[in-house]
There are 2 protein chains.
Amino acid sequence: MFDDVYEVIHARRDVRGEFTGAPIPTEVLDRVLAAAHAAPSVGLSQPWDFILVRDPALRAEFHRHVQQERDVFAAGLHGEEARRFSRIKIDGVLESTLSVVVTYDPDRGSPAVLGRHAIADAGLYSVCLAIQNLWLAATAERLGVGWVSFYREPFVQDLLRIPAGVRPVAWLCLGPVTHLEQVPDLERHGWRQRRPWRAAVHRDRWERSGH
Amino acid sequence: MFDDVYEVIHARRDVRGEFTGAPIPTEVLDRVLAAAHAAPSVGLSQPWDFILVRDPALRAEFHRHVQQERDVFAAGLHGEEARRFSRIKIDGVLESTLSVVVTYDPDRGSPAVLGRHAIADAGLYSVCLAIQNLWLAATAERLGVGWVSFYREPFVQDLLRIPAGVRPVAWLCLGPVTHLEQVPDLERHGWRQRRPWRAAVHRDRWERSGH
C-alpha cells in the first residue's frame, strides 16, 4: 500500500486490461467501501448504495450488453477514428475480481434534503464523490478500478433488480492488477491527449482566462 | 500536511464556520488544482474548468443570493425542523480565502466522447470526480472546503459570465481553517445522522442486502 495522497491521485488509472482476477481480502474491501461511504453528501443524505456483483452469470450477461453498446458507438465512427477505437479495450468485467455497481436513491433523506431544493442533481453529485473516494482508496490498496459506461441504465436496473426510482450511476470493475499504466489508455492509443491543468483555470470570471 | 489516504478521507469535512481567511501559498493552490485536474473523465474529455473567485464584490453578490435561497428553503420547513435549520450555517463564502467554481463543458471532446453515447450524464460525473480530488488534496494540505449549493445555476452563470452551454456544477469555499470538526455539522446540529456503511452494501442484486 502506498499512502501519500498526491501519489495516489496521480497514480490512479482507469483500468481495462491489467486485472488479474486474484481475490481481495475481506478487510481490504471493507476499508475501500467504508472510504466510499465517508464521502460528503448534500444534506448528509448519503444517497448511494453499493452492489457487489460477483456472480459470473450476471457479469457475463452485462458483458454481452457492453459489447453491443460498443458496436453502437463504433457504428458512428469513421476512418482513422474507427481504427483507433478498434484497438481500445473498453472493460474488464470478466477479468476483474468483482464489480461494484453504485446507485443513487433520490428519496433518501427527502423530502427536505438540505441544499438540494435549488439544484436537482446535487444528490447525483454526492454519489460521484463516493465513487472517487472508492477509486482512490482502491488505488492506495494497489487495486485497479475501471469505470464501464457502455451500457443503458434500464438494462442494469433490470439485471440487478434495482427498484424503480433508484438510478445506477456507475459500473466499476475492481481487483488486483499486474500494474497501473503511467499514461491513460486513451492517450497511449492516440485517442485523445490530456490538456495542461493551467488551461482549465480562470480568474474571477470565465473570460479572464490564464493562470 | 498529513498524507495517509484513509486518514484524509475520514478527516475531510464540509466546512462552513471554521475558515480563517488566511492566504494560501501559490504552490499549495497549484498542487490542489493539479490534483483536481488529475481526475478520471469519460473518454478523457476533462470537461471541467475552475474559476478562482477572489473579488470581494463578486463574492458578496453571490452571498446575498445564497441568503435568499436559504430563506426559500426555510419557508418550506416547520416546527422542530425549522428551528434546527435556523441554527445551521450554510456557507463560508465571505470568510474563506477564495471560492473555486467548477464547471462542466459538454462540448469538450465532442462529438464522439468515448463512453458517453449511452449515458448523457457521464461528463457531469467526471466533473464531480475532479471535485472530490480537489477536496481531498485540500484536506491533505490542511485546508477546508465547503460546497455551497443554495443557489440557482443561471445566477452563477450570469455573475461569472459563464458561456451558454457550460454549466456551473459546484461553488466551493476554500482556505485555511482553525480546525476540522470530527463530526459533520448536520449531525452535530441534530439535522440528520450518518448511517453505517454496511447498510449501503448489497450482494449481486439489490434485494440480497446485508454485508
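Residues numbered from 1 in each chain as written. Chains lettered and ligands numbered in written order. Predicted model: local features only at pLDDT ≥ 70, side-chain atom pairs only at ≥ 80, totals over all residues. Heavy atoms only, no water.

1. With respect to the overall build of chain A
What counts here: Numbering goes from the N terminus for both helices and strands, where a helix is a DSSP run of H or I of at least four residues and a strand is a run of E of at least two. Every radius of gyration here is taken over C-alpha atoms, with the globule rule written as 2.2 Å times N^0.38, N being the number of residues. Using a 1.4 Å probe on the protein chains alone, a residue whose accessible area is under 20% of its type maximum counts as buried, one over 50% counts as exposed, and one in between counts as partly exposed. Contacts: residue pairs with any heavy atoms within 4.5 Å of one another. Each accessible area is a Shrake-Rupley result for a 1.4 Å probe, and residues are judged covered by the shown protein chains and nothing else. A residue counts as positive if it is Lys or Arg and as negative if it is Asp or Glu; His and the chain ends are not included. Every charge is mapped to an atom, namely NZ of Lys, CZ of Arg, CG of Asp or CD of Glu.
Looking only at helices and strands, one finds seven helices and six strands in chain A. Its helices and strands in sequence order give chain A the pattern α-α-β-α-α-β-α-β-α-β-α-β-β, from N to C terminus. Computed over the C-alpha atoms, the radius of gyration of chain A is 18 Å, within 12% of the 17 Å expected from 2.2 N^0.38 for a compact globule of 211 residues. Counting only C-alpha atoms, chain A reaches 50 × 50 × 40 Å along its principal axes. Residues counted as buried form 62% of the 211 residues belonging to chain A. Contacts in chain A between residues at least 24 apart in sequence constitute 78% of all its contacts with a sequence separation of at least 6. Element-wise, carbon and sulfur atoms account for 51% of the exposed surface of chain A, whose accessible area totals about 7900 Å². One way to put it: in chain A the 26 positive side-chain charges average out to a point 5 Å from where the 27 negative ones average out.

2. Some points on the packing of helix α5 (residues 122-140) of chain A against helix α5 (residues 122-140) of chain B
Defined as follows: Every axis in this analysis is a line fitted to C-alpha atoms, fitted for helices over the stretch in contact. Angles between the N-to-C directions lie between 0 and 180 degrees. Here is the rule for angles: anything less than 35 degrees is roughly parallel, anything more than 145 is roughly antiparallel, 65 through 115 is roughly perpendicular, and the remaining ranges are oblique. Should the near helix be turned counterclockwise from the far one by less than a right angle, the crossing is left-handed, whereas a clockwise turn marks it as right-handed. Lys, Arg, Asp and Glu make up the charged group, whereas Ala, Val, Leu, Ile, Met, Phe, Trp, Tyr, Cys and Pro make up the nonpolar group; the residues left over, Gly among them, are polar.
Two elements in contact, α5(A) and α5(B), have axes separated by 8 Å at closest approach and are oriented at 60°. Between α5(A) and α5(B), the crossing angle belongs to the class labelled oblique. Handedness of the crossing formed by α5(A) with α5(B): right-handed. Contact residues: α5(A) offers Leu124(A), Tyr125(A), Cys128(A), Leu129(A), Ile131(A), Gln132(A), Asn133(A), Trp135(A) and Leu136(A), while α5(B) offers Leu124(B), Tyr125(B), Cys128(B), Leu129(B), Ile131(B), Gln132(B), Asn133(B), Trp135(B) and Leu136(B). For the contact of α5(A) with α5(B), the class distribution of residues is 14 nonpolar, four polar and no charged.

3. Overview of the relation of the copies chain B and chain A
Basically, it comes down to this: The copies were overlaid with a least-squares fit restricted to C-alpha atoms from residues scoring a pLDDT of at least 70 in each copy.
Each copy of the sequence occupies a distinct position, and chain B is placed on chain A by a rotation of 180° and an axial shift of 0.0 Å, giving an RMSD of 0.0 Å. Both copies of the chain, as the preceding transformation shows, are related through a two-fold rotation axis. Interface residue correspondence from chain B to chain A reaches 100%, placing this contact among same-surface, isologous pairings.

4. Some details on the packing of helix α2 (residues 26-37) of chain B against α5(B)
All names here are of chain B. Contact pair α2 / α5: the axes reach a minimum separation of 7 Å and the direction vectors enclose 150°. Classified by the interaxial angle, the pair formed by α2 and α5 is roughly antiparallel. Crossing geometry of α2 relative to α5 is assigned as right-handed. Seen from α2, the contacting residues are Val32, Leu33, Ala35 and Ala36; seen from α5, they are Ala130, Asn133, Leu134, Ala137 and Ala138. Taken together, the residues of the contact of α2 with α5 sort by class into eight nonpolar, one polar and no charged.

5. Remarks on the interface of chain B and chain A
Rule in force here: Accessible surface is computed with a 1.4 Å probe, and the buried area is the amount of it that two parts give up when combined, taken over both parts together. Only one rule defines a salt bridge in this text: a Lys or Arg side-chain nitrogen within 4 Å of an Asp or Glu carboxyl oxygen.
Contacts between the two partners involve 98 residues from chain B, matched on the other side by 98 residues from chain A. Buried area between chain B and chain A, summed over both chains or domains, comes out near 8600 Å², and the portion from carbon and sulfur atoms is 61%. Our count for the chain B to chain A interface comes out at six salt bridges. As a salt-bridge pair, Arg167(B) and Asp121(A) come within 2.8 Å of each other at their nearest N and O atoms. Here the element with the most residues in the side of chain B that touches chain A is α5(B); it accounts for eleven residues. Broken down by class, the residue content of the side of chain B that touches chain A amounts to 57 nonpolar, 15 polar and 26 charged.

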